[in-house]
Amino acid sequence: VLKYQLYGSSGINAEYGVILYAHDDLVDTVNPGDRVTVTGIYRATPVRLNPRQRSVKSVYRTHIDVIHFRKDDEHRLREIDGDDESGGKSAQFTPERVAELQQLSQSAAVYERLANAIAPSIYENMDIKKGVLMQLFGGSRKDFSNTGRGRFRQDINILLCGDPGTSKSQMLQYVYNLVPRGQYTSGKGSSATGLTAYITRDPETKQVVLQTGALVLSDNGVCCIDEFDKMDDSTRAVLHEVMEQQTLSIAKAGIICVLNARASVLAAANPCDSRWNAKLTIVENIQLPHTLLSRFDLIFLMLDPQDESFDRRLATHLVSLYYRNAARSKVESIDSEVLRDYIAYARTFINPRLSDEAGQKLIQTYVQMRKVGMGRGTVTAYPRQLESLIRLAEAHARMRLSNVVEELDVEEATRLHKEALKQAATDPKTGQIDMEILMTGLSASSRAKRAELAKFVLQTLKNGNKSFKMSELYDACREGYKDGFTQIQYEMVLKDLQEENKIVQTGSRTIRLKDS
């Protein structure tokens, strides 16, 4: 028994669905999230008012007996099933098309041409388009469950954040319309159950039924989440397991199971003050937990530069979209159909592995990234960054239709990763990259300032009568501390000192040193 969600002519979900009955060989031929055209017999069966009576209801129950399923992939990437080692249901390519794709992979500027074909209506942002291109190709499948090492994530997660009106939502819509198992959702209109799974009761059999959400439906695809900063904390909490382990653990109403959610997450977020504040870190700008930010492989900023020459080029590009002629359209880099076939062919038949030279290059890059921050007491790389580099290098090799990851793949992965770090993990006070911003939410300079402020608060209490009113202590610290601080920093310092049992709050307005 299947539930078929109807689609309108524009591809938008209809508000109702139809129950399908599949028999014999048609069982398990489609998966949740597939877009299909169904051929079958539409039937209407009567429903008795009472099992002991012959009278029936005036409204009949309808269903479709399926005769044939046809996958819809005319305007999307061809279907790829990740359960099979060779890519599952292999996409059918003619020898002429395969030869054309192989010839395209041998061209000198294939990387730039493919990146230009991603969302051509969006102006510039080439590094962001390259990152999205790497996400569409994805890393190699690595399943070492037989040896006890488990399964490693192959999908790349990307976060786009920045000023309003910088085409973030347009980029998400393009990816959603391209991938076969893509799901699009908005943070404000999403709930935890809508993303994962929810329990319903069948109106006829009265049995408990598990309905899957957007993350499960986008298995082996891309889940596009817009307005990521406006999601509730409970809704964002379910993403922690999905973005790292790629599974969903369900324990509801007696149903205990683990669902696959091997989906790439492409999210877009706006700053909390509408405009990006260059004086604040990314955690302070978009108010997202650092535990979630650290799970994104690439974090890009899409900012409005407010430059006259840039504005003129952008306006020229936008206006040209409305009167583009045939001669101009021929200059386009790659046709969208060729792009779809190229990505589908690479994901189906190309599964690159690291060479010895590429492995040594990755080790040297990681050690060098760690060494940069040792001199100033900051952490500039974690093991998660090394795993991200491996996935990006594999995606770049797959883009070249190569089964071997070479040094040039590692170099481009490192360049793209560093470009994202320059934007997202830069400490605004020092201008240097500090990965602790994404891992802990605090930069090294902020942590040092908090320690100095805590020391000054303790010294102020010792120099006084060891007891202050809240307002008096705040005023005394304001006058004596030369570097200045905010109310939030002051409250966090008091909270840390209380947790360390160095001060005690008596009542609601008095602070004193704890007796030793």
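Residues numbered from 1 in each chain as written. Predicted model: local features only at pLDDT ≥ 70, side-chain atom pairs only at ≥ 80, totals over all residues. Heavy atoms only, no water.

Details of the overall build of the protein chain
Then comes step 1: Helix and strand content of the protein chain: 20 helices and 20 strands.
Then comes step 2: Sorting the 516 residues of the protein chain into buried and exposed places 43% on the buried side.
Then comes step 3: Partitioning the intrachain contacts of the protein chain with sequence separation of at least 6 by distance along the chain shows that 68% fall at a separation of at least 24. (Helix = DSSP H or I, 4+ residues; strand = E, 2+ residues; numbered from the N terminus. Buried < 20%, exposed > 50% of the residue type's maximum accessible area, 1.4 Å probe, protein only. Contact = heavy atoms within 4.5 Å.)

Structural notes on the sheet that holds strand E20 (residues 510–513)
Then comes step 1: The 3 strands lie next to each other as E18-E20-E19, forming an open sheet whose pairing is antiparallel. Two strands lie at the open edges of the sheet, namely strand E18 (467–469) and strand E19 (503–506), each paired on one side alone. Across the sheet, the mean angle separating the axes of adjacent strands is 25° when strand polarity is ignored.
Then comes step 2: Examined bridge by bridge, E19 and E20 share 4 bridges and lie antiparallel to one another. Bridged to Val-504 within E20 is Arg-512.
Then comes step 3: Contacts between helix H19 (residues 470–480) and the sheet are confined to E18 and E20, with E18 contributing the most and set at about 100° to the helix. (Pairing = 2+ DSSP bridges. Axes fitted to C-alpha atoms, helices over the stretch in contact; angles between N-to-C directions.)

Notes on unusual backbone geometry
Where the residue is not glycine, phi is negative for most of them; where a peptide bond is considered, it is trans in most cases.
Then comes step 1: At Asp-24, a position not held by glycine, the phi torsion is positive, near 55°.
Then comes step 2: Assessed through its relative accessible area of 70%, Asp-24 is described here as exposed.
Then comes step 3: We note that Gln-246 has phi near 60°; this positive angle belongs to a residue other than glycine.
Then comes step 4: Inspection of the secondary structure puts Gln-246 in the loop between helix H8 (239–244) and strand E12 (247–252).
Then comes step 5: Residue Gln-246 is classed as buried on the basis of its relative accessible area, which comes to 6%.

Brief notes about the environment of Met-302
Then comes step 1: By the element assignment, Met-302 lies in strand E15 (residues 298–302).
Then comes step 2: The spacing of Met-302 and Trp-276 is 26 residues in sequence and 9.6 Å in space, taken between C-alpha atoms.
Then comes step 3: If we skip the residues at most four places from it in the chain, Met-302 touches Asn-125, Ile-128, Leu-160, Cys-161, Gly-162, Asp-163, Thr-166, Ser-167 and Lys-168.

Concerning the packing of helix H3 (residues 126–137) against helix H4 (residues 168–178)
Then comes step 1: Close contact between H3 and H4 brings their axes to 12 Å; oriented N to C, the two are set at 25°. If you check the angle between H3 and H4, you find them roughly parallel. Crossing of H3 over H4 shows right-handed handedness. Along the contact surface, H3 presents Ile-128, Lys-129, Val-132 and Leu-136, while H4 presents Met-171, Val-175 and Leu-178. (Parallel < 35°, antiparallel > 145°, perpendicular 65-115°, else oblique. Left-handed = near helix turned anticlockwise from the far one by under 90°.)

Quick notes on the nonpolar core
Then comes step 1: If you look at the biggest cluster of nonpolar residues, it comprises 59 residues, and the most contacted ones within it are Leu-114, Met-134, Phe-137 and Leu-160.
Then comes step 2: For this core, the element with the highest residue contribution is helix H13 (residues 336–349), accounting for 7 residues.
Then comes step 3: Residues in contact with Met-134, not counting those within four places in the same chain, are Tyr-111, Ile-156, Leu-392, Ala-395, His-396, Met-399 and Leu-416.
Then comes step 4: Listed in part, the 32 residues of the second largest apolar core include Leu-239, Val-242, Trp-276 and Val-283. (Core = buried A, V, L, I, M, F, W, Y, C linked by side-chain atoms within 4.5 Å.)

Describing the sheet that holds strand E11 (residues 222–226)
Then comes step 1: Spatially, the 5 strands line up as an open sheet ordered E8-E11-E14-E7-E15, and their pairing is parallel. Every interior strand has two partners, whereas the edge strands, strand E8 (183–186) and E15, have only one. Taken over all neighbouring pairs, the strand axes of this sheet differ in orientation by 15° on average, direction set aside.
Then comes step 2: Alignment of E11 against strand E14 (residues 264–269), held across 4 bridges, turns out to be parallel. Along E14, the bridge assignment pairs Cys-224 with Leu-266.

Details of the pairing of E20
Then comes step 1: By the alternation rule, side chains of E20 split into Ile-511 and Leu-513, which are all buried, and Thr-510 and Arg-512, of which none is buried.
Then comes step 2: In the sheet, E18 pairs with E20 via 3 bridges, with the strands oriented antiparallel. Directly across from Ser-467, in E20, lies its bridge partner Arg-512.

Here we look at helix H11 (residues 308–320)
Then comes step 1: For H11, spanning 13 residues, the distance from its first C-alpha to its last is 18 Å, which sits close to the expected 18 Å at 1.5 Å a residue.
Then comes step 2: Those residues of H11 that fall on the buried side of the exposure criterion are Phe-310, His-317 and Ser-320. Burial along H11 is one-sided: seen end-on, the buried residues are contained in an arc of 100°. For H11, the exposed residues set more than 90 degrees away from the buried face come down to Glu-308 and Arg-312. (Expected span 1.5 Å × (residues − 1). Arc of directions from axis to C-beta.)

Details of a negative patch on the surface
Then comes step 1: A surface patch of like charges, here negative, comprises Asp-356, Glu-357, Glu-406, Glu-407 and Glu-411.
Then comes step 2: Listed by contribution, the elements that provide at least two residues to the negative patch are helix H14 (356–374) and helix H16 (407–424). (Patch = residues over 30% accessible without salt bridge, like charges linked within 9 Å, V, L, I, M, F, W, Y side chains within 5 Å. Areas by Shrake-Rupley, 256 points an atom, 1.4 Å probe, with all protein chains shown as cover. Salt bridge = Lys/Arg side-chain N within 4 Å of Asp/Glu carboxyl O. Lys, Arg positive; Asp, Glu negative; His and termini not counted. Charge placed at Lys NZ, Arg CZ, Asp CG, Glu CD.)

That's the geometry; what it means functionally is another story.
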